[in-house]
Amino acid sequence: MGGNQTVQPWFGLEFRNSRLTITADYYDKYTDGLLANYQLPKESGFAYMKTNVGEMSNRGFEIAVTGDIIRTKDWKWNASFNISEISTALRNCLKVRHIWKVISGGCKKAAV
């Protein structure tokens with residue numbers, strides 16, 4: 001068991017001129033080794049243990065547009081708009097409820 005590891009590739013584009021800015025971003029984040037507290041039977045002598053419970057994937061994009069609607073020497077009016085979509089998936093989650101046996105010196109996971 002180890003800590004989680006994350007890989008996050010990201011790609012972005014930007015267009016800009018004197019009055020308009022458009023940006024587009026895409027990312028695909030993957031995390032392996034999600035840790036959680038797993039409750040143990042009271043007979044084991046321990047309340048819980050940390051265990052790897054799965055993997056998580058986050059994907060998404062965002063598009064943003066910002067522009068000056070009116071721009072004069074004395075006054076400026078601009079507007080912004082953005083839209084995004086995010087998708088999250090949990091994979092390889094802990095599906096089997098473990099059965100624990102109490103043995104001298106601690107507990108041992110029994111075959112299910």
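Up top you'll find the structure we're talking about.
Residues numbered from 1 in each chain as written. Predicted model: local features only at pLDDT ≥ 70, side-chain atom pairs only at ≥ 80, totals over all residues. Heavy atoms only, no water.

### Re the packing of aromatic side chains
Applied cut-off: The pairing test for Phe, Tyr and Trp rings, Trp by its six-membered ring, is centres within 6.5 Å, and the orientation test on the planes gives stacked under 30 degrees, edge-to-face over 60, and tilted for anything in between. Working definition: with a 1.4 Å probe on protein chains only, accessible area under 20% of the residue-type maximum means buried, over 50% means exposed, and in between means partly exposed.
One pass over the structure, following the stated rule, counts 1 aromatic pair. Here Trp 75 and Trp 77 contribute two aromatic rings whose centre-to-centre distance is 6.4 Å and whose plane-to-plane angle is 35°, an arrangement assigned as tilted. Classification of Trp 75 by relative accessible area gives partly exposed; the value is 49%.

### Comments concerning the environment of Thr 6
Quick note on the threshold: Each helix is a run of H or I in the DSSP string that is no shorter than four residues. Each strand is a run of E no shorter than two, and both are numbered from the N terminus. For this analysis, residues touch if any pair of their heavy atoms sits within 4.5 Å.
With respect to the element layout, Thr 6 can be found in strand 1 (residues 5–7). In this structure Thr 6 touches Lys 29, Tyr 30 and Thr 31, once residues within four positions along its chain are discounted.

### Notes on the pattern of salt bridges
Our working definition: Definition used for salt bridges: Asp or Glu carboxyl oxygen within 4 Å of a side-chain nitrogen of Lys or Arg.
Summed over the entire model, instances satisfying the criterion amount to 3 salt bridges. Across the pair Arg 59 and Asp 28 runs a salt bridge, and its minimum N-O distance is 3.3 Å. Within this pair, whereas Arg 59 is found in strand 4 (residues 48–71), its partner Asp 28 is found in strand 3 (residues 20–39), the two being separated by 31 residues in sequence. Residue class for Arg 59 comes out partly exposed when judged on its relative accessible area of 39%.

### Concerning a nonpolar patch on the surface
The cut-off we apply is this: Each patch is built from residues lacking any salt bridge and having more than 30% relative accessible area; the joining distance is 9 Å for like charges and 5 Å for nonpolar side chains (Val, Leu, Ile, Met, Phe, Trp, Tyr). Only the protein chains shown count as cover for residues, with accessible areas throughout obtained via the Shrake-Rupley method and a probe of 1.4 Å.
Taken together, the side chains of Phe 11, Leu 13, Phe 15, Ile 22, Tyr 26, Phe 61, Ile 63, Phe 81 and Ile 83 make up a nonpolar region of the molecular surface, amounting to roughly 860 Å² of accessible area. If you list the elements that add at least two residues to the nonpolar patch, you get strand 2 (10–16), strand 3, strand 4 and strand 5 (76–91). Among the structural elements, Tyr 26 can be located in strand 3.

### Digging into the pairing of strand 5
What counts here: Between any two strands, at least two bridges found by DSSP are needed for them to pair.
Bridge analysis of strand 4 against strand 5 gives 16 bridges, and the strand direction is antiparallel. Looking across to strand 5, one finds that Glu 62 is bridged to Ser 84. As consecutive antiparallel partners, strand 4 and strand 5 are separated by 4 residues.

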